[in-house]
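Chain and residue survey
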Amino acid sequence: AKGCGKNVYSLFDKRMNEHASERVTLLADLRQAIEQGEFVLHYQPKVDLLTGKVTSVEALVRWMHPRLGMLAPDKFIRLAEEGGMIAELTEWVMRTACLQARAWQEADLAPVRVAVNLSPFHFQRQDVKQSICAVLGSTGLDPALLEIEITESALMQNDEYTCRVLSELRDMGITISVDDFGTGYSSLSYLHRFPINTLKIDRTFILNMMKSSEDQAIVTAIIAMAKSLKMQIVAEGVESVDQLETLKDQGCHEIQGFLVSRPVNAERVARFFTDEDHL
Ligand code: C2E
Ligand code: CA
Ligand code: CA
Ligand code: CA
């Protein structure tokens, strides 16, 4: 039995080492990718449930890896955070998204906001406001056309600093959204101290809502709470008409998800920028 245990451990060690060396390789690749600009943004629309019109598009980063092909953010965001490269990556994302929004504006497409995800690591930096201002300055984008998404868990770190920075960004006209809401256990009294425009209900609740009455109750409660705090509510990960109808009945304002569109490139998302009803 002892021998058997030993084999298990050495197999485990071997896997760990393979995993570690993969990480080291990917980390080196990532450094190079940032220098050489191997990233692209895809955009996913958010649609108003009453009018069917697009309110904003969320920028989602992808890495075009020379050997591994297109990598989703869950394969490299954490790595960029741990490797100290998230600020550079975020700046690239912000600059690219703002330039794109400017280009859409100049092409006389209906003005839509562009939403950028900010990593909690990036958000804790002392120069987060300056970096956002610098991007707005150099791209010339109206701050009213920029939205930032920060996760509920990011709000709960260093809350005094977070609150001050968010207030300053809000005062500039930037829209503030709380991402993955419902997963971080923040209370109502806590939330209302922050200058938040929008709550995005986490995809897991939307996913389970149709089969679990508990998840349905959570969604109902989040919508009621957000409304009493005068916040806009977006449901993310909406994939079915049943979910859409239920959310509409509950008074949810906007939806985002595969039902409307998967994240697509800039050219393809622009077909949503019309006065038509996209639901
Ligand atoms: P998120 O901000 O919650 O983004 C939503 C994710 O859900 C996206 O995955 C999107 O493709 C996916 N999604 C949207 N609608 C549906 C749906 O109807 N069904 C299902 N099953 N999935 C849906 P993606 O693009 O892989 O991004 C994953 C996460 O990576 C994002 O979660 C976000 O936290 C992070 N991320 C993406 N881009 C950036 C970025 O530029 N900076 C930072 N810091 N994080 C990013
Ligand atoms: Ca997001
Ligand atoms: Ca989210
Ligand atoms: Ca999420």
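Above this text you will find the structure in question.
The paragraphs below set out a description of the structure included in this document. Just so it is clear, the model here is predicted, and its values are computed rather than measured.

1. Some remarks on the overall build of the chain
Within the chain, the regular secondary structure consists of 12 helices and 9 strands. Against the 2.2 N^0.38 benchmark of 19 Å for 279 residues, the chain shows a C-alpha radius of gyration of 20 Å, consistent with a compact globule. Seen along its three principal axes, the alpha-carbon backbone of the chain occupies a region of about 65 × 50 × 40 Å. Taking all 279 residues of the chain together, the buried fraction comes to 48%. Long-range pairs, those at least 24 residues apart, make up 68% of the contacts in the chain between residues at least 6 apart in sequence. For the chain, the exposed area adds up to about 14200 Å²; of that, 52% sits on carbon and sulfur atoms.

2. So, the coordination of the calcium ion (ligand 2)
Around the calcium ion (ligand 2), the protein supplies E58 (OE), N117 (OD1), E149 (OE) and D179 (OD) as donor atoms, at distances of 2.2 to 2.3 Å. Read N to C, the donor residues that coordinate the calcium ion (ligand 2) are spaced as E-x58-N-x31-E-x29-D. Between the two metal centres, the calcium ion (ligand 2) and the calcium ion (ligand 3), the spacing is 3.9 Å, with D179 acting as a shared donor. Note that E58 is positioned in strand β2 (residues 54-65) and N117 in strand β4 (residues 113-117), a separation of 59 residues in sequence. Residue E58 is classed as buried on the basis of its relative accessible area, which comes to 5%. For N117, a relative accessible area of 27% gives the class partly exposed.

3. A closer look at the pairing of β2
The buried fraction of β2 amounts to 10 of the 12 residues, a majority that puts the element mostly inside the structure. Of the strand pairs in this sheet, strand β1 (residues 39-48) and β2 are connected by 9 bridges, and their pairing is antiparallel. Bridge assignment links V40 to a residue of β2, and that residue is R62. Between β1 and β2, which pair antiparallel and follow one another directly, the connecting turn spans 5 residues, one of which, G52, has a positive phi of 75°. Alignment of β2 against β4, held across 4 bridges, turns out to be parallel. Counterpart to E58 in the pairing with β4 is A115. Here β2 folds back onto strand β3 (residues 69-71) in antiparallel fashion, the turn holding 3 residues.

4. As for helix α7 (residues 159-171)
Here α7 spans 18 Å end to end across 13 residues, near enough to the 18 Å set by a 1.5 Å rise per residue. Those residues of α7 that sit buried are Y161, T162, C163, V165, L166 and L169. Buried residues along α7 sit against α4 (120-123), α5 (128-139), β5 (146-151), α6 (152-155) and β6 (175-181). Remark: G173 follows α7 within two positions and exhibits a positive phi of approximately 105°.

5. A few points about the site of ligand 1
Around ligand 1, a shell composed of 20 residues is seen, among which Q44, R62, D179, E239 and F258 lie nearest. The separation between a nitrogen atom of ligand 1 and a polar main-chain atom of V61 is 3.2 Å. With respect to ligand 1, the side chain of N117 contributes an N or O atom lying 3.2 Å from an oxygen atom. Within the complex, 82% of the 800 Å² of free accessible area of ligand 1 lies under protein. Because more than half of its atoms lie within 2 Å of the grid, ligand 1 is assigned to the largest pocket. At the level of elements, β2 and β6 are the ones that each hand at least two residues to the shell around ligand 1. Ranked by residue count, the leading element in the shell around ligand 1 is β2, at 4 residues.

6. A closer look at the environment of I233
With respect to the helices, strands and loops of the structure, I233 is situated in strand β8 (residues 232-236). Owing to a relative accessible area of 0%, I233 belongs among the buried residues under this scheme. Along the chain, I233 and L199 lie 34 residues apart, while their C-alpha atoms are 5.1 Å from each other. Beyond its immediate sequence surroundings of up to four residues, I233 is in contact with L199, I201, I223, A226, K227, C252, H253 and E254.

7. Observations regarding the nonpolar core
Grouped together as the largest cluster of nonpolar side chains are 80 residues, with contacts concentrated most on L199 and L247. Ranked by the residues each element gives to this core, the list is headed by helix α3 (residues 86-106), at 8 residues. Not counting chain neighbours up to four residues away, the residues in contact with L247 comprise L49, I206, M209, V219, I223, A235, V238, C252 and I255.

8. Describing the layout of surface pockets
The calculated volume of the largest pocket comes to roughly 1200 Å³. What lines the largest pocket is a set of 41 residues, among which E58, L60, P73, N117 and D179 lie closest to the centre. Among the elements that line the lining of the largest pocket, the one with the most residues is β2, at 5 residues. The calculated volume of the second largest pocket comes to roughly 290 Å³. Around the second largest pocket, the lining is made up of 13 residues, and of these E22, R23, L26, K75 and L79 lie nearest the centre. Among the secondary structure elements, those contributing two or more residues to the lining of the second largest pocket are α1 (2-36) and α2 (77-82). It is α1 that contributes the most residues to the lining of the second largest pocket, 6 residues altogether.

What counts, and at which threshold
Residues numbered from 1 in each chain as written. Chains lettered and ligands numbered in written order. Predicted model: local features only at pLDDT ≥ 70, side-chain atom pairs only at ≥ 80, totals over all residues. Heavy atoms only, no water. Helix = DSSP H or I, 4+ residues; strand = E, 2+ residues; numbered from the N terminus. Rg over C-alpha atoms; globule rule 2.2 N^0.38 Å. Buried < 20%, exposed > 50% of the residue type's maximum accessible area, 1.4 Å probe, protein only. Contact = heavy atoms within 4.5 Å. Areas by Shrake-Rupley, 256 points an atom, 1.4 Å probe, with all protein chains shown as cover. Donors = N, O, S within 2.8 Å, 3.2 Å for Na, K, Ca; no water. Pairing = 2+ DSSP bridges. Expected span 1.5 Å × (residues − 1). Near = heavy atom within 4 Å. Polar contact = N/O pair within 3.5 Å; in protein donor to acceptor, adjacent residues only side chain to side chain. 1 Å grid on protein atoms, 1.4 Å probe; cavity = no way out; pocket = protein on both sides within 12 Å on 5 of 7 lines; lining within 4 Å. Sits in = over half its atoms within 2 Å of the grid points. Core = buried A, V, L, I, M, F, W, Y, C linked by side-chain atoms within 4.5 Å. Points joined across faces, edges and corners; volume = space filled by probe spheres on them.

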